[in-house]
Amino acid sequence: MKLELSRRDLFLAGGGAVAGIALSPVPWKLLDDLSIWTQQPPTPTPRPAGPLAFRFTSCALCPASCGLKARCFGAQPVGFAAVPGHPASDGGLCPLGLTAHHLAKHPLRATHPERVSGGKRERIDRADAVAALSAALAACGREKRTFAVVDGRPGRTLSRTYRALAAATGGLYVTPPAAGAALSLETLAKRFDGGALALGVDFSKARRVVSFGTPVLTDAGTPGLLARLRAESRRRPAAERIEVIQVEATRGRSAALADRYIPIAPGTEAAFALGLAHVLLDEKLADAAFLDARTTGLADFAALAARFAPALVEQKTGAQAGVVTALARDLATNRPALVLGGDPAAAPLSGEAEAAIAALNLLLGAPFAALPVRGDAPRATDGDAKLAAATSLDALPDGSVGLLLLDATVAEGLVPWARLERALASDALVVSLSPFRAGLGEKATLLIPGPAPLEESIELDGPVDAPFATFAFAPALLSPPKNLVPGEEILREATAAAGLSLPAPAPGSRADALLAARRGRLFDPAAATFVATGDVADTNALGELFARGACWVDDATPEPKGRFALLRDGEAARLLEAALGAPSSVPALPASLPREALSAAPPSLLLTKLTRETALFTPPAAAATTAARA
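Residues numbered from 1 in each chain as written. Predicted model: local features only at pLDDT ≥ 70, side-chain atom pairs only at ≥ 80, totals over all residues. Heavy atoms only, no water.

Undergrad: Just to check I follow, could you spell out the overall build of the chain for this structure?
TA: Within the chain, the secondary structure is distributed over 20 helices and 24 strands. Taking 25 Å as the expected radius of gyration for a compact globule of 630 residues, we find that the chain reaches 28 Å, a close match to that expectation. Across its three principal directions, the C-alpha atoms of the chain cover 105 × 80 × 55 Å. Taken across its 630 residues, the chain has 49% of its residues classed as buried. Considering only residue pairs separated by 6 or more positions, the chain has 73% of its internal contacts joining residues 24 or more positions apart. Roughly 28700 Å² of accessible area belongs to the chain as shown, and the carbon and sulfur atoms make up 57% of that amount. Positive and negative charge centroids in the chain, built from 64 and 62 side chains respectively, lie 4 Å apart. (Helix = DSSP H or I, 4+ residues; strand = E, 2+ residues; numbered from the N terminus. Rg over C-alpha atoms; globule rule 2.2 N^0.38 Å. Buried < 20%, exposed > 50% of the residue type's maximum accessible area, 1.4 Å probe, protein only. Contact = heavy atoms within 4.5 Å. Areas by Shrake-Rupley, 256 points an atom, 1.4 Å probe, with all protein chains shown as cover. Lys, Arg positive; Asp, Glu negative; His and termini not counted. Charge placed at Lys NZ, Arg CZ, Asp CG, Glu CD.)

Here it is, written out as structure tokens:
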């Protein structure tokens, strides 16, 4: 058959092809790609020079102190991964840690001292920074103005310098308040009459975890630990599985991931906890052996809990009475069970709510099982140095502080600027040692920047709510800028210029203390093995281990003798009043990255883009509860 094409057919085919190309995405995609390509530099960013290698350190962005495995080209890290089996993080790592190497080049990074003058921020030289700080220190002594230093990581060698400076000026050494699960543990430990007590959380020993606001599946504790343990437990029989129950007024990420979410009216946590206690005691489901051997005040607490029948709890909290009863029975059936309070994403729970949560843990027999005793990492003695004792933010009277010094580790999520600002005198000088013009560093009138994360070796005590104490000298992976003068050096120069003296730093003393104690083991991340501290030859050998990213982990601590008070003096009346009070309001919470509130450094630009320009991280939403009555 002969194919005949007329001129009309050619015109129709040509027109159809042009229309098809115009209506397809191909030309527009090419135009878009061309516009992007023309905005890029003529040559791509070169790969860092040097052979591929892996190095180990620990993340210092938040108290979790996760192990880091850095993928490096030469000396430049280009990516991070978690370290399996690491004693502090157990293979966990959050988004902040994954991008820690971005922060040295952050646009808010400061490498020179800066001063706010006339409402404008200006760069100053080292001599001007020393003079300004020296004059403020001298004025504290001459004019009887209060000096206060806030330290986000107490216990370091630098912390000793801060304490000495506070003592020399008659000032205050302030540490952040406990938050989240640590606040619940602190409340419970203060009820022990057998001496000072520190408790941790061992999620691996729990079958039920009830959280009154602490984001146990996202932000709290070791990143992702409870989520991994829960996932692993689902391979076991139903009776051995871990379940997480989130009880709070806002539906955040942790509540969305929990096995059960129980919305309650805000501010009614104490009433809900007492309702659970009522069912446990009324139906004789509490741990009678633990209560008899380890607690006092059972009769008074039982009388208080008897007033909170599930029907009343439903009126106060909005949670149905059947839900309260079923949860109490479930906790009693599936022990070990533990209850945690606190809420780092919003306001912390009241002291009365934490008291009711502490009593619940005692009814369930959690202390010394899922809440084990933990020790502290050994540290050098203070010797004859005169050092100020740690105090709380509440010790800062309003309008009294003439010089406020903020360490680089102070996170605004734990030490709110509104509280600090209330303590400042009208002409106070606020000095920050942060390497960033962000967070509390942005509030400083004198910014003396120090090294960015990964630019200096740093002492890292692990999280205070971990079941075992850990410690690491996290080695630096990056070199700080050549012209950067560490903030501690400027602080010492200013102190000397003001006529004050500080004790000299004692390098190696922490390592000596670890060896002298002969406790615990050291985890070598490169070999993934442990070595007993007693088998380490000397301080040099210990230093080599820490330089390779090693982490020390403590031995188990034996149970002390003593009893817990279910109620303290006068507490029953306060608890009753708080539990019968009206619900409070829920603050509007912005979207944030996991653990952002606990970090003093700003997130990298990549993470900021994900938070603000996508729906990947959504803000917590107020829970829809039934109307609660006052």
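Moving on from the coordinates now.
Undergrad: I'm lost on the packing of aromatic side chains in this one. Help?
TA: Within a pair of aromatic rings, the relevant descriptors are the distance that separates the centres and the angle that separates the planes. Taken as a whole, this structure holds eight aromatic pairs when the rule is applied. Where F473 meets F546, the ring centres are 5.2 Å apart and the plane angle is 80 degrees; that geometry is what we call edge-to-face. Of this pair, F473 sits in strand β19 (residues 470-474) while F546 is found in helix α18 (residues 539-547), placing the two residues 73 residues apart along the sequence. Exposure remark for F473: the relative accessible area of 23% places this residue in the partly exposed category. Following the ring pairs from residue to residue traces out a cluster consisting of F192, F368 and F564. Positioned above the aromatic ring of F54, the side-chain terminus of K69 is 4.9 Å from the ring centre. (Phe/Tyr/Trp six-rings, centres within 6.5 Å; stacked < 30°, edge-to-face > 60°. Lys NZ or Arg CZ within 6 Å of the ring centre and 35° of its normal.)

Undergrad: Help me understand empty space enclosed by the protein in this model?
TA: A complete count under the given rule lists four cavities of 30 Å³ or more for this structure. Lining the largest cavity are L406, D407, A408, V410, S432, S434, A438, G439, L440, G441 and A600. (1 Å grid on protein atoms, 1.4 Å probe; cavity = no way out; pocket = protein on both sides within 12 Å on 5 of 7 lines; lining within 4 Å. Points joined across faces, edges and corners; volume = space filled by probe spheres on them.)

Undergrad: Looking at this structure, how should I read the side chain of R207?
TA: Inspection of the secondary structure puts R207 in the loop between α6 (181-189) and β8 (208-211). If we ignore the near neighbours within four places in the chain, the residues touching R207 are A239, E240, R241, I242, E243, T333, N334, R335 and P336.

Undergrad: Got a minute to help me understand the pairing of strand β13 (residues 337-340) in this structure?
TA: Residues in a regular strand point their side chains to alternate faces of the sheet. The side-chain alternation of β13 yields two buried faces, one formed by A337 and V339 and the other by L338 and L340. Where β8 meets β13, four bridges bridge the pair, whose relative direction is parallel. Residue pairing across strands places V210 opposite V339, the latter belonging to β13. (Pairing = 2+ DSSP bridges.)

Undergrad: Looking at this structure, how should I read unusual backbone geometry?
TA: Glycine aside, a negative phi is what most residues show, and trans is what most peptide bonds show. Geometrically, the link from R335 to P336 is a cis peptide bond, its omega value of 0 degrees lying close to zero. For P336, the location among the structural elements is in the loop between α13 (321-333) and β13. A positive phi angle, near 55 degrees, is found at K284, a position not held by glycine. Position of K284 among the secondary structure elements: in the loop between α9 (269-282) and α10 (288-294). The class of K284 is exposed, set by a relative accessible area of 74%. The phi angle at L454 is positive, at roughly 75 degrees, despite the residue not being glycine. We classify L454 as buried; its relative accessible area is 9%.

Undergrad: Where do I start with the nonpolar core in this structure?
TA: When a protein is soluble and globular, its nonpolar side chains tend to lie buried together. Membership of the largest hydrophobic core comes to 74 residues, with the highest contact counts inside it found for F212, F272, F301 and L338. Judged by nonpolar contacts, the second largest core, of 30 residues, contains L165, A167, L433 and L491. (Core = buried A, V, L, I, M, F, W, Y, C linked by side-chain atoms within 4.5 Å.)

Undergrad: Explain the pattern of salt bridges here, please?
TA: Enumeration according to the criterion identifies 30 salt bridges in this entry. The shortest N-O distance in the salt bridge between R294 and E559 comes to 3.3 Å. Taken together, the positions of R294 in helix α10 and E559 in the loop between β22 (551-553) and β23 (564-565) put the pair 265 residues apart, joining distant regions of the chain. Note on R294: relative accessible area 15%, which makes it buried. A single network of salt bridges, built from pairs that share partners, joins R208, E243, R260 and D330. (Salt bridge = Lys/Arg side-chain N within 4 Å of Asp/Glu carboxyl O.)

Undergrad: Please explain helix α4 (residues 126-142) as it appears in this structure.
TA: For α4, built from 17 residues, the straight-helix expectation of 24 Å at 1.5 Å per residue is met to within 8% by its first-to-last C-alpha distance of 24 Å. Listed as buried for α4 are A129, V130, L133, S134, A136, L137, A139 and C140. Buried positions along α4 lie against β6 (146-150), α5 (157-169), β15 (401-406), β16 (424-432), β17 (446-447) and α16 (487-497). K144 sits one or two positions beyond α4 and adopts a positive phi of about 55 degrees. (Expected span 1.5 Å × (residues − 1).)

Undergrad: I tried to follow the layout of surface pockets on my own but got confused; where do I start?
TA: In this approach a probe as big as a water molecule rolls over the atoms, and the regions it shows empty are the leftover space. The computed volume of the second largest pocket comes to approximately 1100 Å³. In terms of lining residues, the second largest pocket is bounded by 50 residues, among which R156, E456, S457, I458 and E459 are the most central. Going through the elements one at a time, β1 (52-58), α5, β18 (458-461), β19, α16, α17 (509-517) and α18 are the ones with two or more residues in the lining of the second largest pocket. The element that contributes the greatest number of residues to the lining of the second largest pocket is α18, accounting for five residues. Class assignment of the residues belonging to the lining of the second largest pocket gives a composition of 30 nonpolar, 12 polar and eight charged. (Nonpolar A, V, L, I, M, F, W, Y, C, P; charged D, E, K, R; others polar.)

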